[in-house]
Structure formats: C-alpha cells, structure tokens
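Structural characterization, general
Spelled out, the chains give:
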Amino acid sequence: MSEDEPADPDGPTDGDRSPATDGDRSPATDGGTADAETADSEPSDTDTETADADDESPVEELRRRREESRTGGGEARIERQHDKGKMTAHERVEYLLDDGSFVEVDPFVEHRSTNFGMDEKEFPGDAVVTGYGDVDGRKVFVFAHDFTVLGGSVGEVVAEKICKVMDRAIDSGVPVIGLNDSGGARIQEGVDSLVGFAKIFRRNTEASGLIPQISAIMGPCAGGATYSPALTDFTFMVQDTSHMFITGPDVIETVTGEQVSKEELGGAGSHSSKSGVAHFACRDEEEALDNIRRLLSYLPQNNMEDPPRVASWDDRDRELDDVTNVVPEAPRKPYDMIRVIEQVVDEDSFFETHANWARNVVTGLGRMDGRVVGIVANQPRVSAGTLDIDASEKAARFVRFCDSFNIPIVTLVDVPGFMPGTDQEHNGIIRRGAKLIYAYAEATVPLLSVVVRKAYGGAYIVMSSKFLGSDVNYAWPGSEMAVLGPRGAVNILYRDELREAEDTDARRQELMDEFREEFANPYGPARRGYIDDVIEPKDTRKRLIRDLEMLERKREDSPPKDHGNIPL
C-alpha cells in the first residue's frame, strides 16, 4: 500500500469512501431525492420540492442552495459527527473566527469525478469549507475539511479550493489556518487526488516564512494528508479524537506483524511527546481553537510586519525579588526554569510551545513591556538541561520561526553540555545539534541571552553566545562558563596528582574551588568582552526591556544567496 492510500477515518473504514458503501451518503439517504423504488411505488417528496422550486424567487433559490451546501453530507452524518464529540467544519470555522466575520468562498463547487458512481453523488462545496474572516479583528484565511462529505477525502476540487485560499492568503499577507479532518486521498479520483496534494504542499512551501501557517488535527489525518500540517509552523491536536499517521494500524500489522492502536500510533499524546509532530495536545476542540486564537495574538500578519504590541499591564521596571529563591547556587541542583521565565516576562503572558516534547529545553512566546519575544531556555529539572537531539531540533525550529517573523529572541542559559552516549552519537547529535548553531548564527532578529547559572563546552557556544551573533549577553553573579565543569576539568588536568593524594576527595574539592575561582566564573569572559555585563538577577527584566528598545530598529543584511544549506 502506498503512503498516500487513505487510512482508517475515525471509526468507519476506508470503505466509507468506496463505491460499495458511499451510497449511505448519497442524496437519497441524506434527505435529497428519493431512491428509484420509492419513486415507482408512490409520489415522492421530490415531486413536491420540484414544484416548490419552480415557484422560488432567485433569492430564495440562493438561500436554499446555500443551506444545502452548509449541511454537507446530511443531517445523519452531522449527528454522527456530534456523537463523536466533534464539531462540523462550519461549526469549527465559526467558533474560531469573530462572530459574523466568516465569508465563505466556493460554497457551490462540486467534484467532477464520474468513476465508481461518483456522478450520482452531489455535494455542493465538496469536502472542504474555505473562506476568510477575523480573529480579534485581524484578517485570516481558513479551510476546514468536512468529514461528513466522503470522509473529508481530498480530491481534485478539494485541493483547488484549498490552494485558492492559500494563494489569496499569500497575496494578502495574512495567516492561513487549516482544520484537518480527513481520511486522506480520494480513491475514486486516482492520481488526480495525489496531484492535488502536491499542489497543496507547494503552497505550504511558498508560504513558509511569508505568512504564519497553523494546522489543527480534529479527526483522522492519514497518508498524504499528514504532510501539509508537517510543513506548517504550528500543529494542534485534540486528545482521543485526532490521529495522524502515514500508514494505519492495519497496514502496519499486515506488513510488520506489529499490533498497535490508533492512539498509540498517532494520537495527540504520541505526537506531542514522542515524535514532536504536534506542538499542542488539547483536551477538546474548543480548547484547540481557543489556543489558536491566543497564538495568533503573538504573531504578525506576515514577515514584513512586526508582532502586535499591546499596552503592558506589568511594571517594566519590576524587580525579580523572588528569583534567587528559585535558582539554587549549587550548579547541579535542579529547578524549574519556567518559574524564572514567568518572572522575566509580563505577568501571565508566557505561552509555551512543544511543552511535552524535548522537555530539557523550553520554548515559547511571551511579552516584555507589551512587546512579543520568543523564549528559549534550558530546563535543569529534565536531564539537567543538557542539549540532546530532540532539544536541539526543537529549539532550532523555534529560533528559525521567530527569525522569520521578526520576533526578538531571549535565551536563558543553564546548560552543562551536550548529552553523551552512543545512542546520541549514532543517531546524529553532531549533525542535528548543528541545526541549532545554524539557526542562531543566521538569525537577524535581536538576540539577547542571560547565563543564569552555567554554560559549559560546545553548549555554551550554541546557546546564543556572543560570537555566534548575539547582540546582548549577560551573566548572573556566580555563573560558570568554561570548556568543562570544575569536576570534569580537575579530573583531567590533575589526574596524576589525584591518584597520589592521601585524601583524593578532599584534594579534588580544593582543586575544584581553585579552578572555579580562576576559570569558571563570569568575570573572565566579561574581561574579554564575551559578556556585556554581569547583572544582579533582580535587574534582569528591566535590563532586557531596555535592550529590546535599543534594538527595536535593528536591521541586518545577509550576503545575497538563494538559501543556505542547513544540516537537515
């Protein structure tokens, strides 16, 4: 089976889209024209409807046709959608957008397929709802797959509708949001459906870095349908009702013999914590749509605009009186970096992304004196805050997103190094860790960093160091910066002396204290200009806010080239 073959769409099998079973979604079943047997035995409701239609005014006909388009696959299938705890495509769009702002595009377009009895199945609008509207008064384009019509499958016309709104979004310079609930490619349309996916993927790529692209998975998303969300900036999933996979559990069992449930294979929990495909796992559709609205409040309309600034509700000169109680002096003692972040940014403004994946690094959006900033920070409470493969890729992708959309980046550093081990080496920590170097080094937005407690080895370089391109670099008193931590350095430099010492542990501690005094402190780097200043922890917020003001009009021109070759 090819990867683009549609997978199990949320309960009913792919047969829901096959000629054998699609009859239960035919006009006869969904309350349209009656079937042949009924027509032969007694007068049908259609005769009355036809007579009524003859008496319709043009406006009445328009309203009737628009209502037919809105009902999609019919009331029975709408009821089934609701029984699963899912909204219809129109309901999702109307919940997401400001009241009364939605303008639908192409509500009367229909598929052109005649194979497998498709010429007898008429669905105005086909299997996707498209258009534009407002979120908090700002324009967005949106498309929503309609699972009640042919399982939300993607055929030629569905792809054309999606591409049309994506083109308009690019031309207008506004975000595009995709609400996915689709079993994948429409079998009945053959290669036409695969070509439709290719057209969508091309638009995703053209839009990347020009306008924000947001995806929500609100049902099945199988085969080729999964790649469009993967090409967008942020992906939301809904627990229990949304699933993403290239091949479903049945195919996996047939090919490999492995048995796995849909939820374990491609549910919101798996993709938000194991694969990193999903940035957010939400309890229900309402929470997902609410969070999309919140995310949009941090983003510019396009790459030529700055993020929206709001009047700050927090004191710009607020001191971080409690932060020293959060961060222990002992360099190996864990703490929650999110508590530090929440004190640095405006109150209640931090919006974490990818919270459940690669938890040893924290990424998210916040505000400082009303300005939007991206936050990247090591998380000492998870794997001591080391950088590993997943953390490097998570942070790199976030840095590149912020750089695409003019969002300054604040990096809070407390990192002992890269994660050691054969698993990391064999899976490419060198190549994949280099992505984070590349992301910071190519960034042109304001870059500010603070070494909170320690920064050792290659991880010191990677985490927005001065000569990687950072504009402002601070360190807190007592922070340590060196090639190795004191213990590791002493064990190497004084190996022979420690072997001969009468009390090895006592001598090691003496040498560690000497090393820390001479090398592992912020004043050596400050003397060389690698650190702009050593600041009191309580002053961190107000210093960063002043620096953001100073860098507000930063412009950096890169050498002309098509694009760099990031180590993918």
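Use the structure listed above.
Since we're looking at a predicted model, the values are computed, not measured. (Residues numbered from 1 in each chain as written. Predicted model: local features only at pLDDT ≥ 70, side-chain atom pairs only at ≥ 80, totals over all residues. Heavy atoms only, no water.)

1. Describing the nonpolar core
Generally speaking, a soluble globular protein has its nonpolar side chains buried in company with each other. Formed by 63 residues in total, the largest nonpolar core has its most connected members in Ile177, Leu179, Phe236, Ile292 and Val376. By residue number, the principal contributor to this core is helix α15 (residues 389-404), which donates 7 residues. Aside from chain neighbours lying at most four places away, what touches isoleucine 292 is Leu96, Ile177, Leu179, Ile214, Ala216 and Phe236. Met118, Ala169, Ala185 and Ala225 belong to the second largest nonpolar core, which has 31 residues in total. (Core = buried A, V, L, I, M, F, W, Y, C linked by side-chain atoms within 4.5 Å. Buried < 20%, exposed > 50% of the residue type's maximum accessible area, 1.4 Å probe, protein only. Helix = DSSP H or I, 4+ residues; strand = E, 2+ residues; numbered from the N terminus. Contact = heavy atoms within 4.5 Å.)

2. Considering the pattern of salt bridges
As enumerated under the stated definition, the model contains 41 salt bridges in all. As a salt-bridge pair, arginine 186 and glutamate 189 come within 3.0 Å of each other at their nearest N and O atoms. Accessibility assignment for this pair places arginine 186 and glutamate 189 in one class, buried. Ionic pairing is found between arginine 316 and aspartate 369, a salt bridge with its closest N-O pair at 3.2 Å. Taken as a pair, arginine 316 in the loop between α12 (285-296) and α13 (323-326) and aspartate 369 in the loop between β10 (361-368) and β11 (371-378) lie far apart in primary sequence, 53 residues in all. (Salt bridge = Lys/Arg side-chain N within 4 Å of Asp/Glu carboxyl O.)

3. Some words on unusual backbone geometry
At aspartate 136, a position not held by glycine, the phi torsion is positive, near 55 degrees. With respect to the secondary-structure elements, aspartate 136 resides in the loop between β2 (128-135) and β3 (138-145). One non-glycine residue, asparagine 406, adopts positive backbone phi at about 60 degrees. Relative to the elements of secondary structure, asparagine 406 occurs in the loop between α15 and β12 (409-415). Overall, asparagine 406 belongs to the partly exposed group, its relative accessible area being 24%.

4. Description of the packing of helix α19 (residues 486-493) against helix α21 (residues 504-518)
α21 packs onto α19 with a crossing angle of 115 degrees between their chain directions and a minimal axis gap of 9 Å. Between α19 and α21, the angle falls in the class roughly perpendicular. Remark: the crossing between α19 and α21 carries right-handed chirality. Across the interface between the two elements, Pro486, Arg487, Ala489, Val490, Asn491 and Leu493 of α19 pack against Arg508, Leu511, Met512, Phe515 and Arg516 of α21. Its residues assigned to classes, the contact of α19 with α21 shows 7 nonpolar, 1 polar and 3 charged. (Axes fitted to C-alpha atoms, helices over the stretch in contact; angles between N-to-C directions. Parallel < 35°, antiparallel > 145°, perpendicular 65-115°, else oblique. Left-handed = near helix turned anticlockwise from the far one by under 90°. Nonpolar A, V, L, I, M, F, W, Y, C, P; charged D, E, K, R; others polar.)

5. Here we look at the pairing of strand β14 (residues 472-475)
Every second residue of β14 is oriented toward a common face, with Val472 and Tyr474 on one face and Asn473 and Ala475 on the other, all of them buried. Where strand β13 (residues 447-456) meets β14, 4 bridges bridge the pair, whose relative direction is parallel. Counted as the bridge partner of valine 450 is tyrosine 474 from β14. In terms of handedness, the path from β13 via helix α18 (residues 457-462) over to β14 forms a crossover that is right-handed. Direction of pairing for β14 relative to strand β16 (residues 533-534): parallel, over a ladder of 2 bridges. Residue pairing in the sheet places alanine 475 in a bridge with valine 534 of β16. (Pairing = 2+ DSSP bridges. Right-handed = clockwise from strand over helix to strand, strands pointing away.)

6. Regarding the side chain of aspartate 388
When you line up the elements, aspartate 388 lands in the loop between β11 and α15. Among buried charged residues, aspartate 388 stands out as having no salt bridge; its nearest opposite-charge side chain is lysine 394, 9.2 Å away. A distance of 2.9 Å separates the side chain of aspartate 388 from the backbone nitrogen of alanine 391, its partner in a polar contact. Here aspartate 388 is in contact with Asn360, Met419, Gln424 and Ile429, once residues within four sequence places are set aside. (Lys, Arg positive; Asp, Glu negative; His and termini not counted. Polar contact = N/O pair within 3.5 Å; in protein donor to acceptor, adjacent residues only side chain to side chain.)

7. Some details on the pairing of β3
Here β3 lies mainly inside the structure; 6 of its 8 residues are buried. Sheet topology note: the β2/β3 ladder contains 8 bridges and is antiparallel. Residue valine 135 lies in a different strand from β3, and its bridge partner there is arginine 138. Where β2 hands over to β3, the hairpin turn is made up of 2 residues, of which aspartate 136 adopts a positive phi near 55 degrees. Looking at chain direction, β3 and strand β4 (residues 176-182) are connected through 4 bridges and run parallel. Within β4, the residue paired with valine 142 across the bridge is isoleucine 177. Following the chain from β3 across helix α6 (residues 156-172) to the adjacent parallel β4, one finds a crossover that is right-handed.

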